[in-house]
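For reference, the chains in residue letters:
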Amino acid sequence: MTAPTASSPADASSTPALQRTPLHALHLELGARMVPFAGYEMPVSYPGGILAEHRHCREAAALFDVSHMGQVRLVGQDAALALESLVPVDVADLPVGKQRYGFFTNTAGGILDDLMVARRPDDLFMVINASRKDHDLQLMRTQIGHRCQVISMPERALLALQGPLAVQALAQLDAGVAALTFMGTGTFTLAGAECFVSRSGYTGEDGFEISVPAEAAEALAKALLALPEVKPAGLGARDTLRLEAGLCLYGHDIDEDTTPVEAALTWAIQKVRRPGGARAGGYPGSAAIEAQLANGAPRKRVGLLGLERAPVREGAPVLDAQGQRVGKVTSGTMSPQLAKPIAMGYVDTAHAVPGADLSAEVRLKPQPMRVVAMPFTPHRYHRG
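In this report, the structure presented in the accompanying data block is examined. (Residues numbered from 1 in each chain as written. Predicted model: local features only at pLDDT ≥ 70, side-chain atom pairs only at ≥ 80, totals over all residues. Heavy atoms only, no water.)

1. Digging into empty space enclosed by the protein
(1) Moving on: What the rule picks out here adds up to four cavities of 30 Å³ or more.
(2) Moving on: In this structure, the second largest cavity spans a volume of roughly 60 Å³.
(3) Moving on: Put simply, the parts of the chain that give the lining of the second largest cavity at least two residues each are α1 (24-29), β3 (61-65) and α6 (217-225).
(4) Moving on: Looking at the lining of the second largest cavity element by element, the count peaks at three residues for β3.
(5) Moving on: Among the residues making up the lining of the second largest cavity, the classes are represented as nine nonpolar, one polar and one charged. (1 Å grid on protein atoms, 1.4 Å probe; cavity = no way out; pocket = protein on both sides within 12 Å on 5 of 7 lines; lining within 4 Å. Points joined across faces, edges and corners; volume = space filled by probe spheres on them. Helix = DSSP H or I, 4+ residues; strand = E, 2+ residues; numbered from the N terminus. Nonpolar A, V, L, I, M, F, W, Y, C, P; charged D, E, K, R; others polar.)

2. Concerning the state of the cysteines
(1) Moving on: Applying the stated criterion across every chain yields a total of zero disulfides.
(2) Moving on: Here C57 stays free of any disulfide, with the sulfur of C248 as its closest cysteine sulfur at 19 Å. (Disulfide = S-S within 2.5 Å.)

3. As for the pairing of strand β2 (residues 40-45)
Put simply, side chains in a regular strand alternate between the two faces of the sheet.
(1) Moving on: With six of its six residues buried, β2 lies for the most part within the structure.
(2) Moving on: Two strands pair when backbone bridges link them, and strand β1 (residues 33-37) and β2 are joined in this way by five bridges, in the antiparallel orientation. Bridge assignment links V35 to a residue of β2, and that residue is M42.
(3) Moving on: Joining the antiparallel neighbours β1 and β2 is a turn of two residues, in which A38 adopts a positive phi near 50°. (Buried < 20%, exposed > 50% of the residue type's maximum accessible area, 1.4 Å probe, protein only. Pairing = 2+ DSSP bridges.)

4. Notes on the layout of surface pockets
(1) Moving on: Of the voids in this model, the largest pocket is the one considered here, and its volume is about 740 Å³.
(2) Moving on: Y101, M116, G201, L247 and W267 are, among the 31 residues lining the largest pocket, the residues nearest its centre.
(3) Moving on: When residues of the lining of the largest pocket are traced back to their parent elements, those giving at least two are β5 (99-105) and β6 (111-119).
(4) Moving on: Taken together, the residues that form the lining of the largest pocket break down as 18 nonpolar, seven polar and six charged.
(5) Moving on: Roughly 360 Å³ of internal volume is contained in the second largest pocket.
(6) Moving on: What lines the second largest pocket is a set of 23 residues, among which Q19, Y40, M69, K133 and P154 lie closest to the centre.
(7) Moving on: Those elements that place two or more of their residues in the lining of the second largest pocket are β4 (70-75), α4 (133-144) and β9 (156-162).
(8) Moving on: Counting residues per element, the lining of the second largest pocket draws most heavily on α4, which supplies four residues.
(9) Moving on: Residues of the lining of the second largest pocket, tallied by class, amount to nine nonpolar, nine polar and five charged.

5. Focus: the side chain of Q99
(1) Moving on: Inspection of the secondary structure puts Q99 in strand β5.
(2) Moving on: Separated by 3.1 Å, the side chains of Q99 and S200 make a polar contact.
(3) Moving on: Contact partners of Q99, with chain neighbours within four places excluded, come to L94, M116, V117, A118, M183, T185, S198 and S200. (Polar contact = N/O pair within 3.5 Å; in protein donor to acceptor, adjacent residues only side chain to side chain. Contact = heavy atoms within 4.5 Å.)

6. Notes on the packing of helix α2 (residues 50-59) against helix α7 (residues 235-244)
(1) Moving on: Close contact between α2 and α7 brings their axes to 8 Å; oriented N to C, the two are set at 50°. In terms of their interaxial angle, α2 and α7 are classed as oblique. Where α2 crosses over α7, the two elements pack in a sense that is right-handed. For the pair α2 and α7, the contacting residues are I50, E53, H54, C57 and R58 in the first and G236, A237, T240, L241 and E244 in the second.
(2) Moving on: Across the contact of α2 with α7, the residue classes tally to four nonpolar, three polar and three charged. (Axes fitted to C-alpha atoms, helices over the stretch in contact; angles between N-to-C directions. Parallel < 35°, antiparallel > 145°, perpendicular 65-115°, else oblique. Left-handed = near helix turned anticlockwise from the far one by under 90°.)

7. Notes on the packing of aromatic side chains
Any two aromatic rings considered together are summarised by their centre-to-centre distance and by the angle between their planes.
(1) Moving on: This structure, assessed with the given rule, holds four aromatic pairs.
(2) Moving on: Taking the centre distance of 5.9 Å and the plane angle of 75° together, the rings of Y101 and F103 count as edge-to-face. Of the two residues, Y101 and F103, neither departs from the other in class, the shared state being buried.
(3) Moving on: Centre to centre, the rings of F182 and Y381 are 4.1 Å apart; their planes meet at 5°, and the pair counts as stacked. With F182 in the loop between α5 (166-170) and β10 (185-190) and Y381 in the segment after β19 (365-372), this residue pair connects regions lying 199 residues apart in the sequence. In terms of burial, F182 and Y381 fall into one category: buried.
(4) Moving on: Here a set of aromatic residues connected by ring pairs shows up, and it is made of Y101, F103 and W267. (Phe/Tyr/Trp six-rings, centres within 6.5 Å; stacked < 30°, edge-to-face > 60°.)

Any link to function would need more than the numbers given here.
If you want it as C-alpha coordinates, here you go:
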(Lines give C-alpha, C1' and ligand atoms only; values in the text may rest on other atoms or scores of the structure.)
Protein backbone atom coordinates (compact mmCIF):
# COMPACT_ATOMS: atom_id res chain seq x y z
CA MET A 1 0.00 0.00 0.00
CA THR A 2 1.23 3.44 -0.81
CA ALA A 3 0.39 7.06 -0.05
CA PRO A 4 -1.90 8.58 0.97
CA THR A 5 -1.41 6.99 4.37
CA ALA A 6 -4.05 6.68 7.02
CA SER A 7 -2.34 9.41 9.00
CA SER A 8 -2.09 11.85 6.10
CA PRO A 9 -4.94 11.33 3.65
CA ALA A 10 -4.85 13.14 0.34
CA ASP A 11 -7.30 15.87 -0.61
CA ALA A 12 -10.29 14.03 -2.07
CA SER A 13 -10.50 16.54 -4.90
CA SER A 14 -7.10 15.37 -6.16
CA THR A 15 -8.29 11.76 -6.47
CA PRO A 16 -11.09 11.57 -9.05
CA ALA A 17 -13.53 8.67 -9.31
CA LEU A 18 -12.57 6.86 -6.12
CA GLN A 19 -13.54 3.20 -6.13
CA ARG A 20 -15.64 1.74 -3.34
CA THR A 21 -15.47 -1.66 -1.70
CA PRO A 22 -18.56 -3.87 -1.27
CA LEU A 23 -18.68 -2.75 2.39
CA HIS A 24 -18.89 0.98 1.61
CA ALA A 25 -22.52 1.35 2.76
CA LEU A 26 -21.77 -0.57 5.95
CA HIS A 27 -18.83 1.71 6.76
CA LEU A 28 -21.11 4.75 6.48
CA GLU A 29 -23.76 3.01 8.59
CA LEU A 30 -21.10 2.42 11.28
CA GLY A 31 -20.07 6.09 11.24
CA ALA A 32 -16.66 5.61 9.66
CA ARG A 33 -14.49 8.56 8.69
CA MET A 34 -13.71 7.86 5.03
CA VAL A 35 -10.51 8.93 3.26
CA PRO A 36 -8.94 8.37 -0.16
CA PHE A 37 -6.44 5.53 -0.09
CA ALA A 38 -4.80 3.83 -3.10
CA GLY A 39 -7.64 4.88 -5.36
CA TYR A 40 -10.40 3.78 -2.98
CA GLU A 41 -12.63 5.47 -0.46
CA MET A 42 -11.66 3.66 2.74
CA PRO A 43 -12.46 3.90 6.47
CA VAL A 44 -9.60 5.42 8.46
CA SER A 45 -11.44 5.13 11.79
CA TYR A 46 -14.84 4.69 13.44
CA PRO A 47 -16.43 6.85 16.17
CA GLY A 48 -14.49 5.15 18.99
CA GLY A 49 -11.20 6.31 17.49
CA ILE A 50 -7.92 4.76 16.35
CA LEU A 51 -6.54 4.16 19.85
CA ALA A 52 -9.61 2.18 20.95
CA GLU A 53 -9.57 0.16 17.71
CA HIS A 54 -5.87 -0.61 18.16
CA ARG A 55 -6.36 -1.80 21.73
CA HIS A 56 -9.43 -3.85 20.85
CA CYS A 57 -7.38 -5.70 18.22
CA ARG A 58 -4.65 -6.43 20.77
CA GLU A 59 -7.19 -7.59 23.38
CA ALA A 60 -10.10 -9.16 21.44
CA ALA A 61 -10.86 -9.13 17.69
CA ALA A 62 -10.96 -6.35 15.11
CA LEU A 63 -12.55 -6.57 11.66
CA PHE A 64 -10.82 -4.74 8.79
CA ASP A 65 -12.07 -4.23 5.24
CA VAL A 66 -9.10 -4.89 2.95
CA SER A 67 -11.12 -5.39 -0.21
CA HIS A 68 -9.00 -2.77 -1.98
CA MET A 69 -6.19 -5.32 -2.17
CA GLY A 70 -5.79 -7.32 -5.37
CA GLN A 71 -6.73 -11.00 -5.50
CA VAL A 72 -5.28 -13.07 -8.33
CA ARG A 73 -5.33 -16.69 -9.51
CA LEU A 74 -2.47 -18.30 -11.43
CA VAL A 75 -3.73 -21.40 -13.24
CA GLY A 76 -1.69 -24.02 -15.09
CA GLN A 77 0.82 -26.80 -14.43
CA ASP A 78 3.73 -24.37 -14.93
CA ALA A 79 2.32 -21.63 -12.67
CA ALA A 80 4.67 -22.15 -9.72
CA LEU A 81 7.89 -22.19 -11.74
CA ALA A 82 6.59 -19.32 -13.84
CA LEU A 83 6.03 -17.22 -10.73
CA GLU A 84 9.51 -18.16 -9.49
CA SER A 85 10.92 -16.36 -12.53
CA LEU A 86 9.61 -13.12 -10.98
CA VAL A 87 10.17 -13.70 -7.24
CA PRO A 88 13.12 -15.01 -5.16
CA VAL A 89 10.75 -17.27 -3.24
CA ASP A 90 10.23 -21.05 -3.15
CA VAL A 91 6.82 -21.45 -4.75
CA ALA A 92 7.32 -24.87 -6.35
CA ASP A 93 7.71 -26.66 -3.01
CA LEU A 94 4.83 -24.84 -1.30
CA PRO A 95 2.40 -27.54 -0.10
CA VAL A 96 -1.31 -27.41 -0.87
CA GLY A 97 -3.02 -25.54 1.96
CA LYS A 98 -0.03 -23.34 2.81
CA GLN A 99 0.72 -19.67 2.15
CA ARG A 100 4.01 -17.78 1.88
CA TYR A 101 5.19 -14.15 1.86
CA GLY A 102 7.18 -12.92 -1.13
CA PHE A 103 7.99 -9.99 -3.40
CA PHE A 104 8.49 -9.10 -7.04
CA THR A 105 11.97 -7.72 -7.81
CA ASN A 106 13.42 -5.54 -10.56
CA THR A 107 16.72 -5.93 -12.42
CA ALA A 108 18.56 -3.92 -9.74
CA GLY A 109 17.21 -6.13 -6.94
CA GLY A 110 14.67 -3.54 -5.81
CA ILE A 111 11.23 -4.57 -4.56
CA LEU A 112 8.39 -3.93 -7.03
CA ASP A 113 5.71 -5.08 -4.61
CA ASP A 114 5.29 -7.52 -1.74
CA LEU A 115 2.63 -10.22 -1.82
CA MET A 116 1.16 -13.37 -0.35
CA VAL A 117 0.89 -16.58 -2.37
CA ALA A 118 -1.02 -19.73 -1.38
CA ARG A 119 -1.16 -23.10 -3.11
CA ARG A 120 -4.63 -24.51 -3.59
CA PRO A 121 -5.47 -27.84 -5.26
CA ASP A 122 -6.08 -26.28 -8.68
CA ASP A 123 -4.28 -22.92 -8.66
CA LEU A 124 -2.06 -20.42 -6.88
CA PHE A 125 -3.92 -17.67 -5.02
CA MET A 126 -2.19 -14.33 -4.58
CA VAL A 127 -2.91 -11.13 -2.66
CA ILE A 128 -1.15 -8.01 -3.96
CA ASN A 129 -1.17 -4.38 -2.84
CA ALA A 130 -3.99 -2.10 -3.93
CA SER A 131 -1.73 0.61 -5.32
CA ARG A 132 0.25 -1.95 -7.35
CA LYS A 133 -2.60 -4.07 -8.73
CA ASP A 134 -2.43 -2.74 -12.28
CA HIS A 135 1.37 -2.87 -12.29
CA ASP A 136 1.54 -6.41 -10.93
CA LEU A 137 -1.13 -7.78 -13.25
CA GLN A 138 0.60 -6.22 -16.26
CA LEU A 139 3.94 -7.63 -15.09
CA MET A 140 2.59 -11.15 -14.73
CA ARG A 141 0.57 -11.10 -17.94
CA THR A 142 3.53 -9.79 -19.91
CA GLN A 143 6.24 -11.97 -18.37
CA ILE A 144 4.50 -15.26 -17.55
CA GLY A 145 1.09 -15.02 -19.25
CA HIS A 146 2.28 -17.47 -21.90
CA ARG A 147 3.10 -20.03 -19.19
CA CYS A 148 -0.04 -19.81 -17.05
CA GLN A 149 -3.36 -18.00 -16.85
CA VAL A 150 -3.27 -14.77 -14.80
CA ILE A 151 -6.81 -14.16 -13.57
CA SER A 152 -7.79 -11.07 -11.59
CA MET A 153 -10.62 -11.56 -9.07
CA PRO A 154 -12.48 -8.24 -8.70
CA GLU A 155 -15.63 -10.22 -7.93
CA ARG A 156 -14.29 -11.05 -4.45
CA ALA A 157 -13.95 -8.95 -1.30
CA LEU A 158 -11.30 -9.43 1.39
CA LEU A 159 -11.83 -9.13 5.14
CA ALA A 160 -9.24 -9.41 7.91
CA LEU A 161 -10.28 -10.57 11.37
CA GLN A 162 -7.38 -9.98 13.74
CA GLY A 163 -6.72 -10.43 17.46
CA PRO A 164 -6.43 -13.07 20.18
CA LEU A 165 -10.19 -13.77 20.11
CA ALA A 166 -10.41 -13.91 16.30
CA VAL A 167 -10.43 -17.72 16.28
CA GLN A 168 -13.12 -17.84 18.95
CA ALA A 169 -15.26 -15.51 16.88
CA LEU A 170 -14.74 -17.05 13.44
CA ALA A 171 -15.18 -20.60 14.77
CA GLN A 172 -18.76 -19.67 15.69
CA LEU A 173 -19.45 -19.44 11.95
CA ASP A 174 -17.42 -22.54 10.98
CA ALA A 175 -15.65 -24.56 13.68
CA GLY A 176 -13.19 -25.92 11.12
CA VAL A 177 -11.18 -22.69 10.97
CA ALA A 178 -9.74 -23.43 14.42
CA ALA A 179 -7.67 -26.27 12.95
CA LEU A 180 -5.65 -23.87 10.79
CA THR A 181 -2.19 -22.84 11.96
CA PHE A 182 -0.20 -19.74 10.97
CA MET A 183 -0.01 -19.46 7.16
CA GLY A 184 -2.42 -22.37 6.74
CA THR A 185 -5.35 -22.01 4.34
CA GLY A 186 -8.64 -23.67 3.54
CA THR A 187 -12.15 -23.26 2.15
CA PHE A 188 -14.97 -22.78 4.65
CA THR A 189 -18.64 -21.81 4.63
CA LEU A 190 -19.10 -18.57 6.54
CA ALA A 191 -22.52 -16.91 6.88
CA GLY A 192 -23.72 -19.05 3.98
CA ALA A 193 -20.88 -18.12 1.59
CA GLU A 194 -17.97 -20.25 0.41
CA CYS A 195 -14.83 -18.42 1.55
CA PHE A 196 -11.12 -18.99 1.13
CA VAL A 197 -9.46 -18.37 4.50
CA SER A 198 -5.83 -18.01 5.54
CA ARG A 199 -4.62 -17.83 9.13
CA SER A 200 -2.52 -14.72 8.65
CA GLY A 201 -2.72 -10.95 8.80
CA TYR A 202 -0.93 -7.64 9.14
CA THR A 203 -1.13 -6.85 12.86
CA GLY A 204 1.26 -9.27 14.56
CA GLU A 205 -1.75 -10.93 16.20
CA ASP A 206 -3.37 -14.27 15.51
CA GLY A 207 -6.10 -13.85 12.94
CA PHE A 208 -7.52 -14.60 9.53
CA GLU A 209 -7.84 -13.10 6.07
CA ILE A 210 -11.08 -14.07 4.37
CA SER A 211 -11.71 -13.98 0.61
CA VAL A 212 -15.48 -13.82 0.16
CA PRO A 213 -17.74 -13.25 -2.86
CA ALA A 214 -18.42 -9.51 -3.07
CA GLU A 215 -22.18 -9.97 -2.88
CA ALA A 216 -21.82 -11.93 0.40
CA ALA A 217 -19.28 -9.60 2.06
CA GLU A 218 -21.75 -7.38 3.90
CA ALA A 219 -23.68 -10.32 5.37
CA LEU A 220 -20.44 -11.89 6.57
CA ALA A 221 -19.18 -8.62 8.06
CA LYS A 222 -22.49 -8.12 9.89
CA ALA A 223 -22.44 -11.69 11.19
CA LEU A 224 -18.97 -11.12 12.61
CA LEU A 225 -19.76 -7.67 14.03
CA ALA A 226 -22.80 -9.17 15.79
CA LEU A 227 -20.41 -11.19 17.95
CA PRO A 228 -19.39 -9.50 21.23
CA GLU A 229 -15.68 -10.07 20.59
CA VAL A 230 -15.62 -8.21 17.27
CA LYS A 231 -15.52 -4.48 16.52
CA PRO A 232 -14.66 -2.67 13.27
CA ALA A 233 -11.24 -1.07 12.74
CA GLY A 234 -9.91 1.18 10.01
CA LEU A 235 -6.68 2.05 8.25
CA GLY A 236 -5.42 4.17 11.15
CA ALA A 237 -5.30 1.25 13.58
CA ARG A 238 -4.05 -1.06 10.83
CA ASP A 239 -1.05 1.26 10.42
CA THR A 240 -0.18 1.51 14.14
CA LEU A 241 -0.65 -2.24 14.61
CA ARG A 242 1.59 -3.22 11.69
CA LEU A 243 4.27 -0.76 12.80
CA GLU A 244 4.34 -2.19 16.33
CA ALA A 245 4.66 -5.60 14.65
CA GLY A 246 7.64 -4.37 12.58
CA LEU A 247 5.87 -5.08 9.27
CA CYS A 248 6.71 -3.15 6.10
CA LEU A 249 4.31 -0.90 4.22
CA TYR A 250 4.96 -0.86 0.48
CA GLY A 251 5.85 2.58 -0.86
CA HIS A 252 7.14 3.62 2.56
CA ASP A 253 9.43 1.01 4.15
CA ILE A 254 10.08 -0.89 0.92
CA ASP A 255 10.04 0.24 -2.71
CA GLU A 256 11.76 -0.15 -6.07
CA ASP A 257 14.98 1.31 -4.68
CA THR A 258 15.13 -1.05 -1.70
CA THR A 259 16.55 -4.59 -1.86
CA PRO A 260 15.32 -7.46 0.34
CA VAL A 261 18.73 -7.53 2.04
CA GLU A 262 18.53 -3.84 2.95
CA ALA A 263 14.94 -4.36 4.10
CA ALA A 264 15.91 -7.26 6.41
CA LEU A 265 13.58 -9.57 4.46
CA THR A 266 16.13 -12.24 3.57
CA TRP A 267 14.18 -14.74 5.73
CA ALA A 268 11.68 -14.80 2.83
CA ILE A 269 14.33 -16.10 0.39
CA GLN A 270 14.45 -19.85 1.01
CA LYS A 271 17.67 -21.88 0.70
CA VAL A 272 16.54 -23.53 -2.53
CA ARG A 273 16.52 -20.08 -4.22
CA ARG A 274 19.90 -18.98 -2.85
CA PRO A 275 23.36 -19.70 -4.27
CA GLY A 276 23.95 -23.43 -4.04
CA GLY A 277 20.23 -24.18 -3.96
CA ALA A 278 18.51 -26.36 -6.55
CA ARG A 279 16.67 -23.38 -8.09
CA ALA A 280 19.02 -20.53 -7.24
CA GLY A 281 18.62 -17.25 -9.09
CA GLY A 282 16.59 -16.99 -12.25
CA TYR A 283 14.58 -13.98 -11.03
CA PRO A 284 15.15 -10.26 -11.82
CA GLY A 285 18.02 -8.74 -9.85
CA SER A 286 19.30 -12.08 -8.58
CA ALA A 287 22.96 -11.10 -9.12
CA ALA A 288 22.58 -7.90 -7.09
CA ILE A 289 20.69 -9.63 -4.29
CA GLU A 290 23.11 -12.57 -4.15
CA ALA A 291 26.04 -10.14 -3.95
CA GLN A 292 24.42 -8.44 -0.95
CA LEU A 293 23.63 -11.80 0.65
CA ALA A 294 27.33 -12.63 0.42
CA ASN A 295 28.86 -9.25 1.25
CA GLY A 296 26.17 -7.31 3.08
CA ALA A 297 24.26 -4.17 2.11
CA PRO A 298 25.31 -0.55 2.66
CA ARG A 299 22.22 0.20 4.74
CA LYS A 300 19.67 -1.74 6.78
CA ARG A 301 16.08 -1.36 7.94
CA VAL A 302 16.02 -1.00 11.73
CA GLY A 303 13.61 -0.33 14.54
CA LEU A 304 13.99 2.97 16.39
CA LEU A 305 12.60 3.57 19.89
CA GLY A 306 12.13 7.19 20.97
CA LEU A 307 13.74 8.13 24.28
CA GLU A 308 11.57 11.26 24.62
CA ARG A 309 7.88 11.90 23.99
CA ALA A 310 7.93 13.66 20.61
CA PRO A 311 6.62 11.40 17.82
CA VAL A 312 8.88 10.93 14.81
CA ARG A 313 7.32 10.85 11.36
CA GLU A 314 8.18 9.50 7.93
CA GLY A 315 10.96 11.41 6.20
CA ALA A 316 12.76 12.58 9.34
CA PRO A 317 16.57 12.47 8.92
CA VAL A 318 18.42 10.07 11.25
CA LEU A 319 21.63 11.50 12.74
CA ASP A 320 24.63 10.01 14.53
CA ALA A 321 26.20 11.37 17.72
CA GLN A 322 28.14 13.95 15.71
CA GLY A 323 24.98 15.20 14.01
CA GLN A 324 25.87 13.63 10.67
CA ARG A 325 23.02 12.19 8.63
CA VAL A 326 23.19 8.38 8.56
CA GLY A 327 19.67 7.47 7.45
CA LYS A 328 15.99 8.31 7.20
CA VAL A 329 12.75 7.36 8.97
CA THR A 330 10.26 5.55 6.70
CA SER A 331 7.38 5.02 9.19
CA GLY A 332 6.74 6.41 12.65
CA THR A 333 4.01 6.67 15.26
CA MET A 334 3.32 6.85 18.98
CA SER A 335 3.01 3.22 20.06
CA PRO A 336 -0.29 2.65 21.91
CA GLN A 337 1.17 -0.44 23.61
CA LEU A 338 4.51 1.06 24.66
CA ALA A 339 3.34 4.67 25.09
CA LYS A 340 6.59 5.69 23.41
CA PRO A 341 7.51 6.89 19.91
CA ILE A 342 8.50 4.07 17.57
CA ALA A 343 9.77 4.19 14.03
CA MET A 344 11.28 2.15 11.25
CA GLY A 345 13.92 3.49 8.94
CA TYR A 346 17.14 2.86 7.07
CA VAL A 347 20.55 3.63 8.51
CA ASP A 348 24.11 2.98 7.39
CA THR A 349 25.03 -0.61 8.25
CA ALA A 350 27.67 0.55 10.73
CA HIS A 351 24.89 2.10 12.84
CA ALA A 352 22.35 -0.73 12.36
CA VAL A 353 23.26 -2.35 15.67
CA PRO A 354 20.73 -2.89 18.48
CA GLY A 355 21.56 -0.49 21.31
CA ALA A 356 23.12 2.15 19.06
CA ASP A 357 22.10 5.65 20.13
CA LEU A 358 21.02 7.89 17.26
CA SER A 359 18.61 10.77 16.87
CA ALA A 360 15.86 11.80 14.48
CA GLU A 361 15.55 15.40 13.39
CA VAL A 362 12.09 16.73 14.26
CA ARG A 363 11.39 20.40 13.48
CA LEU A 364 15.16 20.96 13.19
CA LYS A 365 15.75 19.53 16.68
CA PRO A 366 17.36 16.13 17.37
CA GLN A 367 15.11 13.67 19.20
CA PRO A 368 17.13 10.87 20.84
CA MET A 369 16.33 7.38 19.59
CA ARG A 370 17.83 3.94 20.10
CA VAL A 371 18.16 1.13 17.57
CA VAL A 372 16.15 -1.84 18.86
CA ALA A 373 15.26 -5.30 17.60
CA MET A 374 11.84 -5.69 15.98
CA PRO A 375 9.01 -6.40 16.43
CA PHE A 376 8.35 -3.69 19.00
CA THR A 377 5.56 -5.86 20.46
CA PRO A 378 5.75 -9.67 20.30
CA HIS A 379 4.10 -11.53 17.43
CA ARG A 380 1.34 -13.84 18.64
CA TYR A 381 0.79 -16.00 15.58
CA HIS A 382 -0.82 -19.40 16.18
CA ARG A 383 1.78 -21.92 15.08
CA GLY A 384 0.06 -24.92 16.64
